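This is what each chain is made of:
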Amino acid sequence: MKVTLLIPTLNEIEGMKAIMPRINKNWCDQIIILDGSSTDGTIEYARGQGYFVYVQKKKGFRQGYNEIVPYIQGDVVLTFSPDGNSIPELIPDLIKKMKDGYDMVIASRYLEGAKSQDDDLVTAFGNWLFTRTINLLHGGHYTDSLGIFRAFKTDLISSLELNKDEGYVFVEKLFNTRVSWEPLLSVRAAKCKLNISEIPGDEPARIGGKRKLQVLKWGAAYYFQFFREVFCWRKQDL
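Residues numbered from 1 in each chain as written. Predicted model: local features only at pLDDT ≥ 70, side-chain atom pairs only at ≥ 80, totals over all residues. Heavy atoms only, no water.

Enquirer: Help me get a handle on the pairing of strand β6 (residues 150-153), residues and values and all.
Expert: Relative to β6, strand β4 (residues 76-79) runs antiparallel, the two sharing four bridges. Bridging from a neighbouring strand, Val76 pairs with Lys153 of β6. Bridge analysis of strand β5 (residues 104-108) against β6 gives three bridges, and the strand direction is antiparallel. Bridging from a neighbouring strand, Met104 pairs with Phe152 of β6. (Pairing = 2+ DSSP bridges. Helix = DSSP H or I, 4+ residues; strand = E, 2+ residues; numbered from the N terminus.)

And the structure:
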């Protein structure tokens, strides 16, 4: 099983300098830095450390993910945030769990005593509400459905149609925003009754940079997306 560590960045130079030295390059078969046109030295730092850096052409998380798909060599993709929110020492645990035969493993901020130091009252409630909604509407058993820190089989990108615009364009236009893959990945993986697991993983406070979370727009878009998926996407044969 080959693993690609995929690290999205946008002006994360402080976090990169603090977090990347803690990542053992031997943990994974491939490491990709997916950059959203940073201007603070993130790109130069990453290249200076010997990492492959791809600078996306279109703005937005999912747009960057779509562009990087042809470069992914691993059977498993492990997405990781270098802003301090993800603990790099948990990367081997996610990989080990995937080797047990799971389709997706999430580092949950709310499982078995794990906690988020980056949550405020609004985001904590939002994560709770959205996760419960996915479980109720789509048969999931998540404690954390939105986080980026997760590993999943690469072929889910195509089989769950995560890279097709149809699952996103309407809600993005409706709420004038751009959304990411993770919530839809959680929804469709649950609908298809895939083999999903979680491991506990604290979420430390972010290091430097600006928080990019669009609480109201993303929250409304994702919640609408959850209900739309009940009627607008049919489970594929996996």
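Once you've had a look at it, read on.
Enquirer: How would you summarise the packing of aromatic side chains if you had to cite specific residues and measurements?
Expert: Tallied over the full model, the rule gives 12 aromatic pairs. Here Phe61 and Tyr65 contribute two aromatic rings whose centre-to-centre distance is 5.9 Å and whose plane-to-plane angle is 45°, an arrangement assigned as tilted. Here Phe61 pairs with Tyr65, and both are found in helix α3 (residues 61-68), just four residues apart, close to one helical turn. With relative accessibility at 1%, the residue Tyr65 sits in the buried group. Linked through ring pairs, Phe130, Tyr223, Phe226 and Phe227 together constitute an aromatic cluster. (Phe/Tyr/Trp six-rings, centres within 6.5 Å; stacked < 30°, edge-to-face > 60°. Buried < 20%, exposed > 50% of the residue type's maximum accessible area, 1.4 Å probe, protein only.)

Enquirer: Give me unusual backbone geometry: which residues, what numbers.
Expert: Among all residues save glycine, negative phi is the norm, and among peptide bonds the norm is trans. Even without being glycine, Ser37 reaches a positive phi, approximately 75°. Looking at the element boundaries, Ser37 is found in the loop between β2 (30-35) and α2 (42-48). In this structure, Asn176 takes a positive phi of about 50° despite not being glycine. Mapped onto the fold, Asn176 is located in the loop between α7 (169-175) and α8 (182-191). The exposure class of Asn176 is exposed, given its relative accessible area of 58%.

Enquirer: Provide a residue-level description of the pattern of salt bridges, including the pertinent values.
Expert: All chains considered together, the criterion is met by 10 salt bridges. Here Lys153 ties to Asp103 by a salt bridge, and the two come within 3.1 Å at their closest N and O atoms. Of this pair, Lys153 sits in strand β6 while Asp103 is found in the loop between α4 (91-98) and β5, placing the two residues 50 residues apart along the sequence. Taking the relative accessible area as the measure of exposure, Lys153 reaches 30% and is therefore partly exposed. Classification of Asp103 as buried rests on a relative accessible area of 14%. Between Asp144 and Arg109 there is a salt bridge, with the nearest N and O atoms lying 2.7 Å from each other. Residue Asp144 is located in the loop between α5 (121-138) and β6, and its partner Arg109 is located in the loop between β5 and α5; the two are separated by 35 residues in the primary sequence. (Salt bridge = Lys/Arg side-chain N within 4 Å of Asp/Glu carboxyl O.)

Enquirer: Hey, could you go over the sheet that holds β4 for me, with residue numbers and the actual values?
Expert: Within the open sheet, the seven strands sit side by side as β3-β2-β1-β4-β6-β5-β7. Their pairing is mixed. Two strands in the sheet have a free side with no partner beyond their single neighbour: β3 (52-55) and β7 (196-200). Mean inter-strand twist for the sheet, computed between neighbouring axes without regard to direction, equals 20°. Here strand β1 (residues 3-9) runs beside β4; their pairing, made up of four bridges, is parallel. Note on β4: the bridge partner recorded for Val3 is Val76. On the sheet, α4 packs against β1, β4, β5, β6 and β7 and is oriented at approximately 150° with respect to β5. (Axes fitted to C-alpha atoms, helices over the stretch in contact; angles between N-to-C directions. Contact = heavy atoms within 4.5 Å.)

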